[in-house]
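# Geometric and topological summary
For reference, the chains in residue letters:
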Amino acid sequence: MRRTAPEGHGPVRYGPPLPDQGLPVLPELRAVLAAAADRTDAEPPGGGPALLDAARGYWNRRGLAAARDRVAAAPGAPALLLALTGALGGDVLVPRPCAAWWAPQARLLGRSVFHVATPAECGGLPDPYALLETVRRVRAEGGDPRLLVLSVADDPTATVAPPEVVHETVEAAVAEGLHVVSDETWRDTLHRPHDTVLLSPAEMLPEEVTVIADLSGAFLPQGWPAAVARFPVTDAGVRLRARVLDVLTVLGARVTRPVAEAAAYALGEPDAVLSGLTAAVRLHARVAEAAHRVVTGAGALARPPRAGRHLYVDLGPLRAGLTARGVGDAQELEDFLTARLGMPAPGGHRFGDDLGALRVRLGTGPLLGASDEERAECLSSPSPSELPHVQRALTLLGSAFDDLRDDAQRWEPLP
């Protein structure tokens, strides 16, 4: 398969964004933003009092004690992670695969990034034994590992790590002197919240863990960038926050006042926001389940999605059919499926996976329709996957994977 221009494959400028909601903005959020449209001044670095108090309340309701001097805000989680990496220094460890934006933050600062294999049952955090071995090896080679970034509710795998795995990994990291950053962008998008236990590492070891959350995961549109962080409840946490604010100040990374107003409103979790979030999560869960049935029915592999608006698909079993179409690695698979499906299908190499592994992340947002009317209809439907426009999207997805399965069977060697 002929590759597209090389500049279309860059890991930073052309890296995939977070999976989009694909849904209309809540009227209440629009009203708050519009009411603050004349506020042309920016928030102070790290966020103003109202936004910080809203973030503090958000964490407190989740059992994570937070004070105003241990909370910060920025225009997106990437800015927060960049500031944290700069403040903490040293090398960075991340799971393989991981969110596409984690590693570039460290590399931008000249830090080494080491990917660690994940356990069999989930993504989002390293296998504890693989983590210990990687730390030992990095130090033996003269490295200085200081920071572990993980996510219990994960992008790209859409899994939720079991509490016992979280315990083992975080305890191993802290025992090795690593500071843990828990990306909890997707914690409020659990598909089965009553059947899924999400344990934040900060609940285990509140003095050793910094939590970050990009509000575009659950509360705000991607075009309204805002994220919050909760620092350890220690003197060291206060000092770390101060260093992070220094970096945010140098970067000019301030939340705009209208977005800050909307973020503070959303973090307060009024009934309108909670009901809208519940409906959106339920919708994406149903569509993700339908998409999972389609791709696994065609012979691809994917863990059942448990959070977020995406699923992570391994087309390794269909390699023969892909090879017949000139697709031999994740970049070629990304190009092929993006063109075939008419929707983003970023390859696993974007998330730190091996280029030779035929894996992609598929979002559920593009399956909800092409107009606000179609997407709004999905929200109100008791069976969104049976709506005609969603059925068409799922049929196209199934057709593409079924064709690959048929090609793979055609090219299998005879016994």
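As a starting point, this report considers the structure included with it. Just so it is clear, the structure is predicted and the values come from calculations on it, not from any experiment. (Residues numbered from 1 in each chain as written. Predicted model: local features only at pLDDT ≥ 70, side-chain atom pairs only at ≥ 80, totals over all residues. Heavy atoms only, no water.)

Turning next to helix H9 (residues 257-267). The α-helix advances 3.6 residues per turn, and as a result positions three or four apart in sequence lie on the same side. Of all 11 residues in H9, 9 are buried, a share of seventy percent or more. Within the span of H9, buried status applies to Arg257, Pro258, Val259, Ala260, Ala262, Ala263, Ala264, Ala266 and Leu267. Those residues of H9 hidden inside the fold are in contact with helix H1 (27-35), helix H2 (49-61), strand E7 (227-230) and helix H10 (271-297). Backbone geometry just after H9 places Glu269 at a positive phi near 55°. (Buried < 20%, exposed > 50% of the residue type's maximum accessible area, 1.4 Å probe, protein only. Helix = DSSP H or I, 4+ residues; strand = E, 2+ residues; numbered from the N terminus. Contact = heavy atoms within 4.5 Å.)

Moving on: the pairing of strand E2 (residues 91-96). When a strand is regular, its side chains alternate between the sheet's two faces. Extensive coverage of E2 is indicated by the burial of 5 of its 6 residues. Pairing geometry for E2 and strand E4 (residues 145-150), over 3 bridges, is parallel. Within the sheet, the bridge partner assigned to Val92 lies in E4 and is Leu147. Bridging between E2 and strand E3 (residues 113-117) involves 5 bridges; their strand directions are parallel. Its bridge partner lying in E3, Leu93 is registered against Phe114. Regarding the hand of the β-α-β motif, the stretch spanning E2, helix H4 (residues 102-108) and E3 is right-handed. (Pairing = 2+ DSSP bridges. Right-handed = clockwise from strand over helix to strand, strands pointing away.)

The next thing to look at is helix H5 (residues 128-140). Compared with the 18 Å implied by 1.5 Å per residue over 13 residues, the 18 Å span of H5 between its first and last C-alpha is a close match. Buried residues of H5: Pro128, Leu131, Thr134, Val135 and Val138, and no others. Buried residues along H5 cover an arc of 120° about the axis, so they all sit on one side. H5 presents Tyr129 and Ala140 as exposed residues on the side facing more than 90 degrees away from its buried surface. (Expected span 1.5 Å × (residues − 1). Arc of directions from axis to C-beta.)

We now examine the environment of Glu176. Its place among the elements puts Glu176 in the loop between helix H6 (163-175) and strand E5 (179-183). The exposure class assigned to Glu176 is partly exposed, which follows from its relative accessible area of 28%. Beyond its immediate chain neighbours, meaning those up to four positions away, Glu176 contacts Leu132, Val135 and Arg139.

Bringing the packing of H2 against H9 into the picture now. Running from N to C, H2 and H9 point in directions that differ by 25°, and their axes come no closer than 8 Å. Considering their axes alone, H2 and H9 lie roughly parallel with respect to each other. Our pair here, H2 against H9, has a crossing hand that is left-handed. Contact with H2, carried on its side by Ala50, Leu51, Ala54, Ala55, Tyr58 and Arg61, involves Ala260, Ala263, Ala264 and Leu267 of H9 and no other residues of that element. Residue composition of the contact of H2 with H9, by class: 9 nonpolar, no polar and 1 charged. (Axes fitted to C-alpha atoms, helices over the stretch in contact; angles between N-to-C directions. Parallel < 35°, antiparallel > 145°, perpendicular 65-115°, else oblique. Left-handed = near helix turned anticlockwise from the far one by under 90°. Nonpolar A, V, L, I, M, F, W, Y, C, P; charged D, E, K, R; others polar.)

Looking at the secondary structure, you find Arg62 in the loop between H2 and strand E1 (71-74). A relative accessible area of 17% places Arg62 in the buried class. Within the structure, the side chain of Arg62 is placed 3.1 Å from the side chain of Asp188, a separation counted as a polar contact. Once residues lying within four places of it in the same chain are set aside, the contact partners of Arg62 are Arg187, Asp188 and Glu269. (Polar contact = N/O pair within 3.5 Å; in protein donor to acceptor, adjacent residues only side chain to side chain.)

Below, the discussion takes up the pairing of E4. The buried fraction of E4 is high, at 5 of 6 residues. Where E4 and E5 come together, 4 bridges link them in parallel fashion. For Leu148, the partnering residue across the bridge sits in E5 and is Val180. Handedness of the E4-H6-E5 crossover: right-handed.

Turning next to the pattern of salt bridges. Per the stated rule, a full pass over the model turns up 25 salt bridges. A salt bridge links Asp155 to Arg361; its shortest N-O distance comes to 3.0 Å. Pair noted here: Asp155 is in the loop between E4 and H6 and Arg361 is in strand E9 (residues 359-363), with a separation of 206 residues, a long-range link. For the residue pair Asp155 and Arg361, the accessibility class agrees, reading buried in each case. Here Arg405 makes a salt bridge to Asp402, at a shortest N to O gap of 3.5 Å. Placement of the pair is Arg405 and Asp402 together in helix H14 (residues 388-411), with a separation of 3 residues, close to one helical turn. The partly exposed category is assigned to Asp402, whose relative accessible area is 27%. Here the salt bridges do not stand alone but share partners, grouping Arg61, Arg62, Asp188 and Glu269 into one network. (Salt bridge = Lys/Arg side-chain N within 4 Å of Asp/Glu carboxyl O.)

The step from Arg96 to Pro97 runs through a cis peptide bond, and the omega angle for that step is 0°. Mapped onto the secondary structure, Pro97 falls in the loop between E2 and H4. The omega torsion across Asp155 and Pro156 is 25°, close enough to zero to call that bond cis. Within the fold, Pro156 resides in the loop between E4 and H6. The backbone of Ala158 sits at a positive phi, close to 65°, despite the residue not being glycine. Locating Ala158 in the fold gives a position in the loop between E4 and H6.

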